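Residues per chain, in single letters:
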Amino acid sequence: MTHPTLSQSTGPAFTRLLSVGAARGENAVPNDDLVGPIDSSDEWIRQRTGIITRTRAGADVQAVDLATDAAREAIERSGIPAEQIDLVIVATISNVQQTPSIAAVVADRVGSNPAAAYDMNAACAGYAYAVAQADALIRAGAAHYALVIGAEKLSDVVDPTDRTISFLLGDGAGAVVVGPSDAPAIAPTVWGSDGSKADAVGMNHTLVEFRDGASGWPTLRQEGQTVFRWAVWDMAKVAKQALDAAGITSDDLAAFLPHQANMRIIDEFAKQLKLPDSVVIGRDIATTGNTSAASIPLAMHRLLEEHPELSGGLALQIGFGAGLVFGAQVVVLP
């Protein structure tokens with residue numbers, strides 16, 4: 001069969017992060033507010049997790065609201081008109097509605113209609129997954145500028161009596177604008193999953209079970225030791241693979257931005273990667289908590305607020321969590 005030759009899209013050779021924005025829950029929740037129901041102490045939580053306090057949003061604030069605030073700051077800082085953003089990706093596990101997506105609502109709120117917009121669920125690796133997609137779609141010519149957001153209101157899926165994960169979790173959103181670059185600024189992503197460990201961290205019930213009265217409201221739970229071992233040993237290998245894929249070594253890094261899961265995991269990561277003292281490590285978890293898909297961009301935002309001189313330097317970012325899923329890439333800091 002003969003037919004006309006089809007056009008196929010192509011885009012720029014390289015992409016980069018142009019800016020970062022952030023929004024945190026307005027309420028600071030110290031450890032002492034949470035220890036009663038889990039029969040614990042401020043000292044125990046600090047020693048086990050490095051968390052002093054975490055940010056949580058009020059009852060009238062949803063993940064979509066946090067996403068909108070972070071997006072507006074990122075767009076303003078990028079200098080790109082909102083109407084030129086034609087792709088919006090939101091990484092989240094805490095949209096309270098199955099549909100519509102947070103992304104479509106945010107695109108409308110910030111003035112990016114009619115951008116392609118969708119939510120994606122890769123839990124704590126979601127932001128790294130979304131950056132990989134934005135990079136690939138722009139270089140393929142499917143989009144020109146992308147808004148990538150990690151947004152979570154995890155306080156909606158917390159059981160205050162749960163000792164495995166509830167005291168870790170916070171609320172917030174981080175956003176970046178991704179656009180064309182004259183030079184490589186987002187290295188290849190190393191990503192994947194291990195569904196054989198899916199039971200190690202995730203929701204304890206389904207919405208159908210809740211609807212049918214067979215369970216309480218679904219909340220997040222984890223097998224702490226399983227997740228800790230997987231994160232420290234397997235994810236350190238992924239981080240090293242991301243450095244190799246970028247063609248650099250840890251000595252070339254200005255910053256390390258791991259998912260803010262647990263301070264002990266972050267410290268062990270630094271040892272495994274043999275990070276030199278010159279590398280600034282994101283430790284946003286101490287006062288924000290674990291915000292799943294939002295944690296890496298929130299850590300980046302704080303890092304650049306405290307160390308603006310790192311702009312333009314190389315950062316290794318890695319997300320890992322429920323599923324179990326993981327993603328890592330080296331980026332040039334905006």
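Residues numbered from 1 in each chain as written. Predicted model: local features only at pLDDT ≥ 70, side-chain atom pairs only at ≥ 80, totals over all residues. Heavy atoms only, no water.

Named according to an unreviewed UniProt entry, the chain is Beta-ketoacyl-[acyl-carrier-protein] synthase III originating from Agromyces tropicus. Recorded in UniProt for the chain, the comment headed Catalytic activity (unreviewed entry) runs: "malonyl-[ACP] + acetyl-CoA + H(+) = 3-oxobutanoyl-[ACP] + CO2 + CoA". As its UniProt record puts it under Subcellular location (unreviewed entry), the chain is described as follows: "Cytoplasm". (UniProt positions renumbered as here; feature names shortened; annotations may be inferred.)

**Some remarks on the sheet that holds strand β6 (residues 146-153)**
Strand order in the open sheet formed by 5 strands is β1-β7-β6-β4-β5, and the pairing between neighbours is mixed. At either margin of the open sheet sits one strand with a lone partner, and together these are β1 (14-24) and β5 (116-120). When strand polarity is set aside, the average angle formed by the axes of neighbouring strands in this sheet is 15 degrees. Here 8 bridges tie β6 to strand β7 (residues 171-181), and the two strands are oriented antiparallel to one another. Pairing of Gly150 across the sheet is with Gly174, part of β7. Together, β1, β6 and β7 form the strand contacts of helix α2 (residues 63-78), whose direction differs from that of β1 by roughly 130 degrees. Across the face of the sheet, helix α9 (residues 295-306) comes into contact with β1 and β7 while running at roughly 90 degrees to β1. (Pairing = 2+ DSSP bridges. Helix = DSSP H or I, 4+ residues; strand = E, 2+ residues; numbered from the N terminus. Axes fitted to C-alpha atoms, helices over the stretch in contact; angles between N-to-C directions. Contact = heavy atoms within 4.5 Å.)

**What to know about the packing of helix α6 (residues 224-246) against helix α7 (residues 263-272)**
For any two helices packed against each other, the geometry is given by the interaxial angle and the distance between the axes. Relative to each other, α6 and α7 sit at 40 degrees, their axes nearing to 10 Å. Taken as axis vectors, α6 and α7 run oblique relative to one another. Crossing hand, α6 versus α7: right-handed. Contacts between α6 and α7 involve Phe228, Ala231, Val232, Trp233, Met235, Ala236, Ala239 and Lys240 from the former and Arg264, Ile265, Glu268, Phe269 and Gln272 from the latter. By residue class, the composition of the contact of α6 with α7 is 9 nonpolar, 1 polar and 3 charged. (Parallel < 35°, antiparallel > 145°, perpendicular 65-115°, else oblique. Left-handed = near helix turned anticlockwise from the far one by under 90°. Nonpolar A, V, L, I, M, F, W, Y, C, P; charged D, E, K, R; others polar.)

**What to know about the UniProt feature "domain: Beta-ketoacyl-[acyl-carrier-protein] synthase III N-terminal" (unreviewed entry) in the chain**
Under the UniProt annotation, the feature "domain: Beta-ketoacyl-[acyl-carrier-protein] synthase III N-terminal" (unreviewed entry) is placed at residues 118-195. Strand forms 33% of residues 118-195 and helix 18%; the C-alpha atoms that close the span are 23 Å apart.

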